Amino acid sequence: MHPLIRTARTTGLFYLGLGVAGMLGFLTIRPMIFDAGDADATLANLVANESLARAGVALELLVVLTQSLAAVWFYRLFRTVDSTAAGSIAAFGIVNAVAILGSAALLATAVGVATDGTGDAAGTVQLLYLVSENLWGVGGIFFGLWLVPMGWCVLRSGWLPRPLGWILVAGGVGYVLMTFVNYLAPGAGAAADLLVIPATVGEFWILGYLIIFGLRKRALTETPQVNAPLTATSPA
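These notes cover the structure that comes with them. (Residues numbered from 1 in each chain as written. Predicted model: local features only at pLDDT ≥ 70, side-chain atom pairs only at ≥ 80, totals over all residues. Heavy atoms only, no water.)

## So, the side chain of Gln126
- Its location among the elements puts Gln126 in helix H5 (residues 121-157).
- A polar contact of 2.8 Å, which involves the side chain of Gln126, links it to the backbone oxygen of Asp35. (Helix = DSSP H or I, 4+ residues; strand = E, 2+ residues; numbered from the N terminus. Polar contact = N/O pair within 3.5 Å; in protein donor to acceptor, adjacent residues only side chain to side chain.)

Structural data, given as structure tokens:
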């Protein structure tokens, strides 16, 4: 197997791990524990489901691990295409991973406070979960920022379908905008959710393409068209 294809597939697998860990931890386990409007309910949920809460911490650590590895492997994949953009993918991805690392530490502290049962455990646990949730929220800026150079590298390299590159760029911009909208207009609801649809499509597309195909076969014999106009077309 060509080294570039091996790198591409490894990158896709790390990205898949990031997606699975995020969906299980943030979207599945967290809502089972955290009740934003009731501190006593959050504490009761955590005490009754301590093992589940600890699994949530482990999954957030897995998000940190897989995003960090995906960031490094994206750099390895695209560094010959555009070293600045490839470095930006790695930097923004790792910054976002650090934000999630802080969230994991807060959740771990919440488990400890809940099981100790000292002081105002309910209020403390609720505060820790709220800060954790906001770390995910503000980290959305860097998650959006890592998608933009990722899309740029897809466009410049010609190694993956060009529409994917545009969707990733749009998704990154949408993610950044969604982060601001969530704090400036918290009642936006569905309108804010629409902003991240391109990002979701782009992420599933790129990780699936990398795992299944690796890269276009022509990438093995072509030099990346780093100076080609972005309006040029190339086969998928």
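Further notes follow.
## A look at the side chain of Thr66
- Tracing the chain through its elements places Thr66 in helix H3 (residues 50-78).
- Engagement of the side chain of Thr66 in a polar contact is seen with the backbone nitrogen of Leu18, the distance being 3.4 Å.
- Contact partners of Thr66, with chain neighbours within four places excluded, come to Phe14, Gly17 and Leu18. (Contact = heavy atoms within 4.5 Å.)

## Comments concerning a nonpolar patch on the surface
- A contiguous nonpolar surface patch, about 640 Å² in accessible area, is contributed by Leu13, Leu16, Val20, Met23, Leu24, Leu27 and Phe204.
- Among the elements that take part in the nonpolar patch, helix H1 (residues 3-33) stands out by supplying six residues, more than any other.
- Structurally, the position occupied by Val20 is in helix H1.
- Take Val20: its relative accessible area is 38%, and that puts it in the partly exposed class. (Patch = residues over 30% accessible without salt bridge, like charges linked within 9 Å, V, L, I, M, F, W, Y side chains within 5 Å. Areas by Shrake-Rupley, 256 points an atom, 1.4 Å probe, with all protein chains shown as cover. Salt bridge = Lys/Arg side-chain N within 4 Å of Asp/Glu carboxyl O. Buried < 20%, exposed > 50% of the residue type's maximum accessible area, 1.4 Å probe, protein only.)

## Comments concerning the packing of aromatic side chains
- What the rule picks out here adds up to twelve aromatic pairs.
- Aromatic side chains Phe74 and Phe78 sit 6.3 Å apart centroid to centroid with 10° between the ring planes, which places their arrangement in the stacked category. Linking Phe74 with Phe78, this pair stays in helix H3, spanning four residues, or about one helical turn. The exposure classification of Phe74 matches that of Phe78, with both residues buried.
- Residues Phe143 and Tyr175 carry aromatic rings whose centres are separated by 5.1 Å and whose planes lie at 55° to one another, so their mutual orientation is tilted. Linking Phe143 in helix H5 with Tyr175 in helix H6 (residues 162-184), this pair joins segments that are 32 residues apart in sequence.
- On the basis of relative accessibility, which here comes to 11%, the residue Phe143 falls in the buried class.
- Three or more aromatic residues link up through ring pairs in this structure, and these residues are Tyr15, Phe74, Phe78, Phe143, Trp146, Trp159 and Tyr175. (Phe/Tyr/Trp six-rings, centres within 6.5 Å; stacked < 30°, edge-to-face > 60°.)

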